[in-house]
Amino acid sequence: MVCTLTDQSFRGEGRSKKDAKLACSRRALEVMFGHDFNNPDKMSESQNPRTITEIDDWMELEGKNPVSILNELYPGTQYTLMSSQGPSHAPEFILKATLGTLSVEGMGKSKKDAKLHASKALLVHLHKVGFDPATGDLLSGTAGGAGSLAGQSDHAGEHTWADMIGQMVNQKFSEMFCLTTYFRRKVLAGVVMTRDGVSTVVCVSTGTKCINGENLSLAGQSLNDSHAEIISRRSLLVWLYDELLKVETSNEDNVFKPAKDGGFELKPGVRFDLYISTAPCGDSRIFSLHEEPSEEFNLLSGPSGDVGEGSRGKLRSKVESGMGTVPLPIEDHLVQTWDGVIAGERLLTMSCSDKILRWNILGVQGALLSHWTKPIYLSSITIGSRFHPGHMSRAFFDRYSGDSPLPCGYMLNKPLIIATTSPEARQVWKSSDNSVNWILGCGPEILNGSTGKTLAGAPSRLCKSSLAKRFRELGNALHVKPRTQVDMKKPANNKIDSYSKLKMQAKDYQSAKRSMVENLKKAGAGKWIKKPVEQDLFYI
Ligand SMILES: [Zn+2]
């Protein structure tokens, strides 16, 4: 028999299954924690090691407090307070639990909470126990979740994955911004790319603001939406453009390869995982705000209700230069007009929950890049706080009934939606207009969410016009045919078509989008609101 602990395997032999199990678990404990089972004298009473059958019994005690389980199983576990930060009314503690060569950290608003989260994480790593997403109770065994990670379909794998994604994004953000005032933020987001088991942070971002209507740009030079997760997606686009620009020279390292039917596709084994430090605004968050946090876990408790119940599942709009969302106006024929918005009419921007739903249908690559690549879908979304599995899955995919077929390559993507083991402490900083982004290979950029430009007033590398320029660069650089009927070469008048026309020429993308909009409307979610058409009429 072989048992596996934190990616190491240990063999054991015996005359019965039970004996073999005992032998391999002893071997594991010997190697990992230095227990010597052949010499019982060496073990003091206080260490009180337990046999694996007892461990199994313990794991069956669902709902048991992780700290007491750890105390019983591994009395040698040591706890170290790593840091205590934050103002007195909202402190944040980080505590490390160490056992043998294994160390994990837990975070919490009290030392007790931090200890609890550290113990839970350690148990998860040691025994691959998981937590029931609905109740927050401990689960033993390896029941598969909805969606699964390569080779890790168990709950523990999901938690470990969520913690890793969360840590990588937080670490990169600290590395880049910890000595600056931009470290004070409300929402943090980031994308991690994993290829053949190696994970790399591609981008991180912060932000909670949308543009003031008066700052809309007719030249595609300001960003409409600077919420952290939206900025992360645009940052990912920049990285994807860079990758495509290199595709013909760096075949081996590139994540793309030529696709049979034109353009490019991701190589097998490449995945993108999104991290957001809190539930995205709109349908996933609004109901989560009323839910009670479960005491010991990064989970909210309470039934999520059905679509349609108390406006669950409705499309919502962000509030111009404020936080939060409001239901969309009910007029069926509502169209946002340029003169209306400039004259002070409220600018409507779809909520982050709605945009994530859209990424799960149309992909994250957007209309322009779909000329070059097949739709690219997120593999998982990790939420750092206010995680409610019911509200999240409804908002991100379940409210789309999807009965009309989508064009070839498009689908309703259902990424794994997971929570980090420790909930992120509430960010008490006053909300600001600042929004930062860092992109692998490009460094940091600081934006003002209300103007949609950099602090110096220049267009961001993420704005429509900047991305359109990269698109044109691609057309001039690549020798491979695009996937669509689009002429990307620069004509004699030194301009190519308007941004809007290039978007419209992405026929499959547009047809998938129409299907999505009609479907949501039919399901009673409301009408997807577009920005004034004038925004996309600029030439590139
Ligand atoms: Zn948002």
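Calculation notes
- Counting restarts for each chain, with residues numbered from 1 along the sequence as it is written.
- For this predicted model, a pLDDT threshold of at least 70 governs which residues receive local features, and a threshold of 80 or more governs which side-chain atom pairs are given and counted, while totals over whole chains, interfaces and linings are taken from all residues.
- Comment: elements are numbered from the N terminus, with helices defined as DSSP H or I runs of at least four residues and strands as E runs of at least two.
- Burial is judged by counting other C-beta atoms within 10 Å of a residue's own C-beta: 20 or more means buried, 12 or fewer means exposed, and anything between counts as partly exposed, with every C-beta placed from the backbone.
- At least two bridges found by DSSP between two strands is the condition for calling them paired.
- Comment: axis = line fitted to C-alpha atoms, over the contacting stretch for helices; angle = value between 0 and 180 degrees taken between N-to-C directions.
- Put simply, a nonpolar core is a cluster of buried Ala, Val, Leu, Ile, Met, Phe, Trp, Tyr and Cys residues tied together by C-beta atoms within 7 Å.
- Remark: residues whose backbone-derived C-beta atoms lie within 7 Å of one another are considered to be in contact.
- Angle categories are assigned with fixed cut-offs, so that under 35 degrees is roughly parallel, over 145 is roughly antiparallel, 65 to 115 is roughly perpendicular, and the rest are oblique.
- Ten residues, namely Ala, Val, Leu, Ile, Met, Phe, Trp, Tyr, Cys and Pro, are considered nonpolar, four, namely Asp, Glu, Lys and Arg, are considered charged, and the remaining ones, Gly among them, are considered polar.
- Left-handed describes a crossing in which the near helix is turned anticlockwise from the far one by less than a right angle; the clockwise case is right-handed.
- Each residue gets a pLDDT score, which is the predictor's confidence in that residue and runs from 0 to 100.

Draft legend 1. Region of the structure containing the overall build of the protein chain. The helix and strand inventory of the protein chain stands at 14 helices and 26 strands. Counting the 540 residues in the protein chain, one finds 46% classified as buried.

Draft legend 2. Structural context of the sheet that holds strand E4 (residues 92–99). The strand order across the open sheet built from 3 strands is E3-E4-E5, with neighbouring strands paired in antiparallel fashion. Edge positions in the sheet fall to strand E3 (78–85) and strand E5 (102–108), since each has one partner strand and no second. Going from strand to strand, the sheet's axes swing by 20° on average, the running direction of each strand aside.

Draft legend 3. Main features of the nonpolar core. The biggest cluster of nonpolar side chains holds 92 residues, and the ones touching the most others in it are Val169, Val191, Val192, Leu244 and Ile276. Among the elements that make up this core, the one with the highest residue count is helix H6 (residues 228–245) (9 residues). Residues within four places of Leu244 in sequence aside, it is in contact with Phe256, Phe264, Trp372 and Leu474. Judged by nonpolar contacts, the second largest core, of 20 residues, contains Ile69, Val104, Leu116 and Leu122.

Draft legend 4. Structural detail: the packing of helix H9 (residues 352–362) against helix H11 (residues 389–398). Running from N to C, H9 and H11 point in directions that differ by 55°, and their axes come no closer than 8 Å. One finds that H9 runs oblique with respect to H11. Here Ser353, Ile356, Leu357 and Asn360 of H9 come into contact with H11, specifically with Ala395, Phe396 and Phe397. Each residue belonging to the contact of H9 with H11 can be placed in one class, and the counts come to 5 nonpolar, 2 polar and no charged.

Draft legend 5. A look at H11. Taken together, the buried positions of H11 are occupied by Gly390, His391, Met392, Arg394, Ala395 and Phe396. Check the buried side of H11 and you find it contacts helix H7 (283–286), H9, strand E22 (380–383) and strand E23 (416–419).

Draft legend 6. Here's a closer look at the sheet that holds strand E10 (residues 188–195). In space, the 8 strands of this open sheet follow the order E23-E22-E16-E10-E11-E24-E25-E26, with mixed pairing throughout. The open sheet is flanked by E23 and strand E26 (453–454), the only strands paired with a single partner. Strand direction decides the pairing type here: strand E16 (residues 270–276) and E22, joined by 4 bridges, are parallel. Opposite Leu274, over in E22, you have Ile381 as the bridge partner. Contacting E10, strand E11 (198–206), E16 and strand E24 (434–439), H6 crosses the sheet at an angle of about 130° to E11. Sheet strands touched by H11: E22 and E23. Its angle to E23, the strand with the most contacts, is close to 145°.

Draft legend 7. Seen up close, the packing of H9 against helix H14 (residues 507–522). It is the contact of H9 with H14, at a shortest axis distance of 10 Å, that shows an interaxial angle of 130°. The orientation of H9 relative to H14 falls into the category oblique. Crossing geometry of H9 relative to H14 is assigned as right-handed. Counted together, Arg358, Ile361 and Leu362 of H9 and Tyr509, Ala512, Lys513 and Met516 of H14 form the full contact between these two elements. A per-class count over the contact of H9 with H14 returns 5 nonpolar, no polar and 2 charged.

Draft legend 8. Just the confidence of the model for the protein chain, in detail. On average, residues of the protein chain carry a pLDDT of 82, and 81% of them reach 70 or more. The element-level mean pLDDT for the protein chain is lowest in strand E8 (residues 144–149), coming to 35, with H9 highest at 98. Segment residues 35–63: pLDDT under 50, and 33 contacts once partners within four positions in sequence are set aside and those in other chains are kept. Counting contacts from residues 140–153, a segment whose pLDDT is below 50, to residues more than four positions away or on other chains yields 25 contacts.

Draft legend 9. Main features of unusual backbone geometry. With a phi close to 45°, Asp196 is a non-glycine residue in the positive phi region. By C-beta crowding, Asp196 is classed as exposed, having 8 other C-beta atoms within 10 Å. The phi angle at Arg386 is positive, at roughly 50°, despite the residue not being glycine. Along the chain, Arg386 turns up in the loop between E22 and H11. For Arg386, a count of 24 C-beta atoms within 10 Å corresponds to the buried category.

Draft legend 10. Molecular detail of the environment of Ser380. Looking at the element boundaries, Ser380 is found in strand E22. The class of Ser380 is buried, set by 22 C-beta atoms lying within 10 Å. Residues within four places of Ser380 in sequence aside, it is in contact with Trp161, Asp273, Pro415, Leu416 and Ile418.

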